[in-house]
Amino acid sequence: ASGIDMAQEAEKPTAQSETPQQPQKLNIDVDDDPVLGNKNAPVTIVEFSDFQCPYCGRFFTQTLPSIKKDYIDTGKVKLVFRDFPLSFHPNAEPAAEAAECANEQGKYWEYHDKLFENQDSLSFELYIKLAGDLGLDVDKFKACIETSKYKQEVEDDFNYGQSVGVSGTPTFFINSEAIFITSAPVLEC
């Protein structure tokens, strides 16, 4: 065979690439993580995310608003947020722990939103400021952060995500289907 024939053969798609991979059904545990929407909604989206990931931030600003309006607010979908702080994002784990501390005072989603809105300036000082802005008991919040009360919770989410195949953020599971939807399939965080 000539070099041209071999090159043409190499360009032909393989049977494997022609057949889409079927999603694998998993029983994705929602743990005790925050739920946005009706807890009895027929569709569950589990998001594994990182507060410092720019692609997660893009999902928050560009995609979540329409999902919330059309599906979450109408009772069709609930969103479960699970932490997946990546090691190369040094502020991701502390931000996740701060969000858990806000959850303790019933303000998880408000705090979640503020973290993504201030993604470029994540810091201990910001976490305390946001707690005050949202009317949280700042002393209780600060003690929660300083004692790393939710460090294990965040680590457990991360470890669980790895065990079900999460390797980048954001990753979504829809009704436990192992469909990895990322905002940047090649350059995911």
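These numbers come from a predicted model, not from an experiment.

A. Layout of helix α5 (residues 108-117). Y108, W109, Y111, H112, L115 and F116 are the residues of α5 that are buried. What you see down the axis of α5 is that its buried residues fit within an arc of 160 degrees, all on one side.

B. Quick look at the sheet that holds strand β2 (residues 43-49). The mixed open sheet is built from four strands, whose spatial order is β1-β3-β2-β4. Only two strands of the sheet have a single neighbouring strand rather than two, namely β1 (35-36) and β4 (171-174). Where β2 meets β4, four bridges bridge the pair, whose relative direction is antiparallel. Counterpart to V46 in the pairing with β4 is F173.

C. A look at the packing of helix α6 (residues 124-133) against helix α7 (residues 138-146). Close contact between α6 and α7 brings their axes to 9 Å; oriented N to C, the two are set at 150 degrees. The angle between α6 and α7 falls in the class roughly antiparallel. For the pair α6 and α7, the crossing hand works out as right-handed. On the side of α6, the interface is formed by F124, Y127, I128, A131 and G132, while α7 contributes V138, F141, K142, I145 and E146. Looking at side-chain class alone, the contact of α6 with α7 contains seven nonpolar, one polar and two charged residues.

Definitions and limits used
Within each chain, residues carry numbers counting from 1 in the order of the written sequence. Totals for whole chains, interfaces and linings use every residue, but because this is a predicted model, local features are given only for residues with pLDDT of at least 70 and side-chain atom pairs only at 80 or more, for both listing and counting. Values reported for side chains reflect all heavy atoms of the structure, with hydrogen atoms and water molecules removed beforehand. Classification of residues uses two cut-offs on accessible area relative to the type maximum, computed with a 1.4 Å probe and protein chains only: under 20% is buried, over 50% is exposed, and between them is partly exposed. Secondary structure elements follow DSSP: runs of H or I no shorter than four residues count as helices, runs of E no shorter than two count as strands, and numbering proceeds from the N terminus. To be clear, the arc concerns the directions from the helix axis to the C-beta atoms. Note on pairing: two strands pair once DSSP finds at least 2 bridges between them. Axes here refer to lines fitted to C-alpha atoms; in helices the fit is confined to the stretch in contact. Angles between the N-to-C directions go from 0 to 180 degrees. Orientation categories follow fixed angle ranges, with anything under 35 degrees roughly parallel, anything over 145 roughly antiparallel, 65 to 115 roughly perpendicular, and all other angles oblique. In this scheme the crossing of two helices becomes right-handed for a clockwise turn of the near helix relative to the far one and left-handed for an anticlockwise turn of less than a right angle. Here, residues are in contact when the closest pair of their heavy atoms is within 4.5 Å. Each residue is assigned to one class: nonpolar for Ala, Val, Leu, Ile, Met, Phe, Trp, Tyr, Cys and Pro, charged for Asp, Glu, Lys and Arg, and polar for all the others, Gly among them.

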